[in-house]
Structure formats: structure tokens, C-alpha cells
Amino acid sequence: MNGIAATQPYVIALFLAWAGLMKLFSRRMRVQAGQTALARLVGAARAVPALRIVGVAELAVAAVLLLPPVSPWEGAVAALLSAGFLAYLTYSYVAAPTASCGCLGAHSKPVDVRAFARAGLLLAASLLAVLAEAGPPLVALGLAEAVALMALSAELDRYWLTPLRQLRVRLHGPLAVPPSEHVPLGASLHLLYRSPAYCSASAQITSDVQDTWDEDGLRFVVFGARERTAVFAVPLTGNDPSRVLVTLVGA
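Given the structure is predicted, the values throughout are model-derived calculations rather than measurements.

Peer 1: Describe the nonpolar core, with residues and values.
Peer 2: Formed by 34 residues in total, the largest nonpolar core has its most connected members in Ile12, Leu16, Val61, Leu65, Phe85, Leu89 and Cys101. Listed by contribution, the elements that provide at least two residues to this core are α1 (2-25), α3 (37-42), α4 (47-66), α5 (72-95) and α6 (113-129). Membership of the second largest hydrophobic core comes to 14 residues, among which are Val221, Phe223, Ala225 and Ala230.

Peer 1: Give a description of the packing of α1 against α6 that names residues and reports values.
Peer 2: Look at α1 against α6: their axes get within 8 Å of each other, and the N-to-C directions meet at 135 degrees. Here α6 runs oblique to α1, going by the angle between their axes. The two elements α1 and α6 meet at a crossing, and its hand is left-handed. For the pair α1 and α6, contact is made by Ile4, Ala5, Gln8, Pro9, Ile12 and Phe15 and by Arg118, Leu122, Ala125, Ser126, Leu128 and Ala129, respectively. Class assignment for the residues of the contact of α1 with α6 results in 9 nonpolar, 2 polar and 1 charged.

Peer 1: Any details on the confidence of the model for the protein? Residues and values, ideally.
Peer 2: Looking at the protein, the pLDDT average stands at 88 and 93% of residues meet or exceed 70. Within the protein, the lowest mean pLDDT, 73, falls on helix α2 (residues 27-32), and the highest, 95, falls on α6.

Peer 1: Requested: an account of the state of the cysteines, with residues and values cited.
Peer 2: The tally for this structure, following the rule as stated, stands at 1 disulfide. At a sulfur-sulfur separation of 2.5 Å, the disulfide partner of Cys101 is Cys103. Cys101 supplies the cysteine sulfur nearest to Cys199, a cysteine that is in no disulfide, at a spacing of 13 Å.

Peer 1: Help me get a handle on the sheet that holds strand β4 (residues 245-250), residues and values and all.
Peer 2: Strands sit in the order β1-β2-β3-β4 across an open sheet of 4 strands; the sheet is antiparallel. If you trace the sheet from one side to the other, it starts and ends with β1 (209-215) and β4, each paired once. This sheet shows a mean twist of 20 degrees between the axes of neighbouring strands, independent of strand direction. By the bridge criterion, 8 bridges tie strand β2 (residues 218-225) to strand β3 (residues 228-235) in an arrangement that is antiparallel. Bridging across to β3, Arg219 finds its partner in Val234. Packed on one face of the sheet, helix α9 (residues 185-193) meets β1, β2 and β3 and runs near 65 degrees to β2.

Parameters at a glance
- Residues numbered from 1 in each chain as written.
- Predicted model: local features only at pLDDT ≥ 70, side-chain atom pairs only at ≥ 80, totals over all residues.
- Heavy atoms only, no water.
- Core = buried A, V, L, I, M, F, W, Y, C linked by side-chain atoms within 4.5 Å.
- Buried < 20%, exposed > 50% of the residue type's maximum accessible area, 1.4 Å probe, protein only.
- Helix = DSSP H or I, 4+ residues; strand = E, 2+ residues; numbered from the N terminus.
- Axes fitted to C-alpha atoms, helices over the stretch in contact; angles between N-to-C directions.
- Parallel < 35°, antiparallel > 145°, perpendicular 65-115°, else oblique.
- Left-handed = near helix turned anticlockwise from the far one by under 90°.
- Contact = heavy atoms within 4.5 Å.
- Nonpolar A, V, L, I, M, F, W, Y, C, P; charged D, E, K, R; others polar.
- pLDDT = per-residue confidence, 0-100.
- Disulfide = S-S within 2.5 Å.
- Pairing = 2+ DSSP bridges.

Structural data, given as C-alpha cells:
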């Protein structure tokens, strides 16, 4: 049991160090901070400073976990921080469902079950770290937990999940565009509401869906947008929100 507990501070520290460095030094994060749920919580003008404060806190906790001696209060601090992550994700899911969390970098994917699972895994590891005593960590366990955390991080999908999907397409041949009647409107709207295109135009939208039609592998979705009309082009295949396009046309 002590070997399992002794492994947790290293796993948590490496993850927190990574998250903190991304918040402090990622140029994309500074540019896109206003699109995160934190901007909704503290205001767009304060989003970057708030992210930096969180990043500093993550690096500080990571340093405490890595440096000897081992103490139960270190795990307690990590558990408190992980509980704060879960509270923030809950707020984001309820108050800003189309915004990203900004946890590990700038991306367009909103909070989903994977983000909650990642925060829950960190909280469980932190609670185990409270029981840690001086001793060698279990390297295999630490690697397994690190892989699980990476698999639960939507920010990293472009590095492993997207290439795997592309490889599957190359091995099995190109996927044909399904008949439009086989793609529910709800699936298209789910992709649309997660897209950067919708986030950029959402402040202009003043109505629910007004019209839809399918053409050339795309589903066009029309909304009222004040004195104009917002027309979104949603691919009928794939699940990449960045492929959704929008144009605003005059009435």
C-alpha cells in the first residue's frame, strides 16, 4: 500500500507542473484565454492574470510534492487543489457549456466527462498521497496513471487520437459521406455548439434554428442574428468542431 501511496506525489507533481507551465508560457493560452470558462467567471480582462495565478499555484504545489520530506499535508494541499478543479469544471459545465476549461492549453473543446474523470483521478491520487511515506515509487503504476491522465486530456487529442483516426481511415479506405437522413439534426447541433465558429458568432444570434438543408456533405443551419442571418456549415462526417464554418449575411 505504501508503494502505491508513494507513487502519487510524483504523478500529481508532474501533471501540475505541466499544467502550470502551459498557463504561464503558452502563447496560444494567452491569446485564447478570453474563450475559456475562467473568462466567464472573472471577466475577459482578468482571464490571463487569473490563469497565471493558477499556474503559479500549480507549480508551487508540484514543487512541494517533489521536494523532501514527505508529509501528509502535502497530499492534503493537492487534494484541496483537485477539489477546486472539480468545482471549476462544474461551474464551466453549467454556466459556460461551450467554453473550454483552459486546464492544459488553448483548445475549442468544452468540458466533458473526460475532464471530470481526469480531475476525479487527480483527487483520488491526492487522497492516496496523504498516506504516503518515504519509500520507492512503483514506476509501472506511475506510468500507467500518467498514460490515463493523458488519454483523458482532450488538449492532447491532436497528438494521438486524431492521428489514430487518420490511420484507421488510411487502413480501411476513405469513409463515404452518409445519407443526410442518417445523421440526426441533434448530432449536427451538438458539433455546432462546440465549435469556435459558434462561439465567435453566439453574441449576434437572436433566434433558435430557423432552417436547415444538406448539400455536398455539409448541413447548413440558419439562425437569426439581429438584422442579419447566421449560416453555419456543419460537416456530416467527423467530430472536429474546428471544421464548422459560419458566415453572416444581410437580411
